[in-house]
Amino acid sequence: MSASGGSKAIVAALGANLAIAASKFVAFAFSGSSSMLAEGVHSLADSGNQFLLLVGGKKAEREATPQHPFGYGRERYIYAFLVSIVLFSVGGMFAIYEGYEKIRHPHQLEHWYWPVGVLVFAILAEGFSFKTAIKESNELRGKLSWSQFIRRAKAPELPVVLLEDFGALIGLVLALGGVGLALLTGDGVWDGVGTVCIGVLLVMIALVLAAETKSLLLGESAGAEEVRKIEDAVVDGDTVTGIIHMRTLHLGPEELLIAAKIAVQHDDTAAEVASAIDAAEARIRAAVPIARVIYLEPDIYSEAEAAKGPDREATPGGPAPHPAGH
């Protein structure tokens with residue numbers, strides 16, 4: 001997904017949520033339904049979330065600076081993580097609190113046709129937004145299942161919109177169920193129960209989003225298919241005879257860093273090695289266009305050294321060196 005990828009889904013979700021939020025607050029004002037209030041706050045939070053995604057995408061386009069030499073691609077991950085916080089606090093926790101209060105102090109719904117009409121409208125609008133997100137996602141996910149796509153996607157926008165829209169549709173059904181039961185039984189407690197269910201749903205979705213974006217923030221490697229293409233591109237069978245070890249890291253959704261120690265012939269000249277490295281970099285970029293930063297270190301392959309395995313002390317994330325005297 002390009003830096004602007006998913007923008008159609010984000011804009012569609014933003015427009016739908018703003019319209020839905022306004023209608024839900026109107027329905028709450030006329031009916032006093034806590035489900036409508038919780039859903040209104042949910043849609044307002046979702047609108048803010050889509051705005052955050054757009055801001056993150058814009059900030060990520062800034063040029064690299066001496067202070068940030070690898071650019072600002074991870075801004076998109078930061079803003080996606082903020083989305084999970086907003087969804088958890090403003091959406092989920094508020095709904096749980098409002099539903100709890102409504103269960104403690106229930107009252108009958110007034111002008112029931114307002115919340116029912118708004119919920120039906122909201123389901124249609126959210127359905128349009130969800131359909132747009134699914135259409136854009138299908139162009140990227142290939143043969144992956146939906147859960148695999150959400151877990152493996154390096155660009156956070158579409159998974160965020162997908163989960164938000166899915167949660168919104170389920171939440172609307174829960175709200176409709178709560179309002180319907182409150183009307184059928186004459187007991188406003190059901191409206192509060194529906195509101196609590198909405199809150200729990202939003203908290204669960206927020207936790208999933210937080211876990212996925214946290215992984216992206218920490219730094220994820222290239223996908224298995226990309227790693228295979230890189231490995232195939234590096235080795236030419238002539239000067240570059242193999243890969244001793246390699247690390248990949250996403251600097252952003254469309255920016256990949258590759259660092260590898262490559263095996264060369266012991267009698268190759270410096271000029272031959274330099275030329276082979278340049279050719280390998282060109283092959284890598286042709287095979288994986290998002291490979292923006294490539295560092296290749298030539299070395300003489302040694303079976304004895306290879307048998308020792310990787311040097312954990314020299315590996316990022318490996319054990320810290322022992323203090324002197326220990």
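So, here's what we can say about the structure. All figures in this text were calculated on a predicted structure; none of them were measured in a lab. Each chain carries its own residue numbering, running from 1 in the direction its sequence is written. The predicted nature of this model means local features are confined to residues of pLDDT at least 70 and side-chain atom pairs, given and counted, to a pLDDT of 80 or more, with totals for whole chains, interfaces and linings taken over all residues. To get the side-chain values, all heavy atoms of the structure are used, and hydrogens and water are removed first.

### Details of a negative patch on the surface
Only residues above 30% relative accessible area that lack a salt bridge enter a patch, with like-charged residues linked at up to 9 Å and the nonpolar side chains Val, Leu, Ile, Met, Phe, Trp and Tyr linked at up to 5 Å. The protein chains shown are the only cover counted for residues, whose accessible areas, like all others here, come from Shrake-Rupley with a 1.4 Å probe. Salt bridges are defined by distance alone: a side-chain nitrogen of Lys or Arg within 4 Å of a carboxyl oxygen of Asp or Glu. Lys and Arg are tallied as positive, Asp and Glu as negative. Neither His nor the chain termini are counted. Here the site of a charge means NZ on Lys, CZ on Arg, CG on Asp, or CD on Glu. Taken together, the side chains of Asp236, Asp238, Asp267 and Glu272 make up a negatively charged region of the molecular surface. What counts as a helix is a DSSP run of H or I of at least four residues, what counts as a strand is a run of E of at least two, and both are numbered from the N terminus. Secondary-structure assignment places Glu272 in helix α9 (residues 270–287). Here's how the labels work: a residue is buried when its accessible area is under 20% of the maximum for its type, exposed when over 50%, partly exposed in between, all with a 1.4 Å probe on protein chains only. Judged by relative accessible area, Glu272 falls into the partly exposed class, the value being 39%.

### Quick notes on the environment of Gly32
For Gly32, the location among the structural elements is in the loop between α1 (7–31) and α2 (34–59). It only takes one pair of heavy atoms within 4.5 Å for two residues to be counted as in contact. When near neighbours in sequence (up to four residues on either side) are disregarded, Gly32 contacts Ala27, Lys102 and His107.

### Focus on the pattern of salt bridges
With the rule as written, the count across this model stands at 10 salt bridges. Two residues, Arg228 and Asp232, come together in a salt bridge whose shortest N-O distance is 3.0 Å. Of this pair, Arg228 and Asp232 both sit in helix α8 (residues 224–234), 4 residues apart, which is roughly one turn of the helix. The class for Arg228 is partly exposed, based on a relative accessible area of 39%. One salt-bridge network, in which partners are shared between bridges, spans Arg76, Glu157 and Glu254.

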